[in-house]
Amino acid sequence: MTGQLTVVLTKAGRTKIRYPATQIADDGDHIRVRAPWAAEGVRDFGFVRFEPGDVFTEHFWRTRWYAVKEVRTGDGALKGWYCDVTRPALVRSGEIIVEDLDLDLWVSADGTSVLRLDEDEFAESGLAAKDPEAAARAVRALDALDDQARSAAGLAALLR
């Protein structure tokens, strides 16, 4: 199943970014799309640079509290995986809608660098007070991604 979709990433009730993507597969739970780097210019995180020409193969689930983005250069070299902790994806009317819950994980292409990101933003978001169940699920999702990334099979095992 292929076709065009729009990925909509929200945060704290507002649209953070929206961008077109090509749907590659959808098994009813796991949705896979491909999209070029959607932001303007270069974003240098120190541990990786996202830039025009990069291609993201993005994995969303209707039942899991995260999304995983495989990041490659325009010529196909793997940079790594950027994982967003989100509420489960909602797919409707040609859109994949996910709510960013601040927690992120970066895994380098060779798997030697696994970085937990934005835990301070998550703490400051107030989610633990507003929605303790969602906050607990978010923390469990980050822990599960971290464990999977450090396993022998790595994140690739999630993305099959």
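Description of the structure in this document. (Residues numbered from 1 in each chain as written. Predicted model: local features only at pLDDT ≥ 70, side-chain atom pairs only at ≥ 80, totals over all residues. Heavy atoms only, no water.)

Turning our attention to the packing of aromatic side chains. By the definition in use, this model includes 10 aromatic pairs. On the numbers, 5.4 Å between centres and 55° between planes, the contact of Trp37 with Phe50 is tilted. You can see Trp37 sitting in the loop between strand E3 (30-36) and strand E4 (43-44) and its partner Phe50 sitting in strand E5 (residues 49-50), a full 13 residues away along the chain. The class of Trp37 is buried, set by a relative accessible area of 16%. For Phe50, a relative accessible area of 4% corresponds to the buried category. In textbook terms, an aromatic cluster arises when at least three aromatic residues are bridged by ring pairs, as seen for Trp37, Phe45, Phe47, Phe50, Phe56, Tyr82 and Trp106. (Phe/Tyr/Trp six-rings, centres within 6.5 Å; stacked < 30°, edge-to-face > 60°. Helix = DSSP H or I, 4+ residues; strand = E, 2+ residues; numbered from the N terminus. Buried < 20%, exposed > 50% of the residue type's maximum accessible area, 1.4 Å probe, protein only.)

The next thing to look at is the nonpolar core. One recurring pattern in soluble globular proteins is that nonpolar side chains are buried together. Formed by 24 residues in total, the largest nonpolar core has its most connected members in Tyr66, Val68, Val85, Leu105, Val107, Leu145 and Leu155. Take this core: its biggest share by element is 7 residues, from helix H3 (residues 132-150). Excluding residues within four positions of it along the chain, Leu145 makes contact with Tyr66, Val68, Cys83, Val85, Leu105, Leu155 and Leu158. In terms of nonpolar packing, the next biggest core, distinct from the first, is built from 13 residues, Leu5, Val7, Ala35 and Ala67 among them. (Core = buried A, V, L, I, M, F, W, Y, C linked by side-chain atoms within 4.5 Å. Contact = heavy atoms within 4.5 Å.)

Moving on to the pairing of strand E11 (residues 114-117). Two elements, strand E10 (residues 95-108) and E11, share 4 bridges in a ladder whose sense is antiparallel. Paired with Asp104 across the two strands is Leu117, which belongs to E11. Here E10 hands over to E11 after 5 residues, with Gly111 in that stretch at a positive phi of 75°. (Pairing = 2+ DSSP bridges.)

Shape descriptors only; they carry no functional weight alone.
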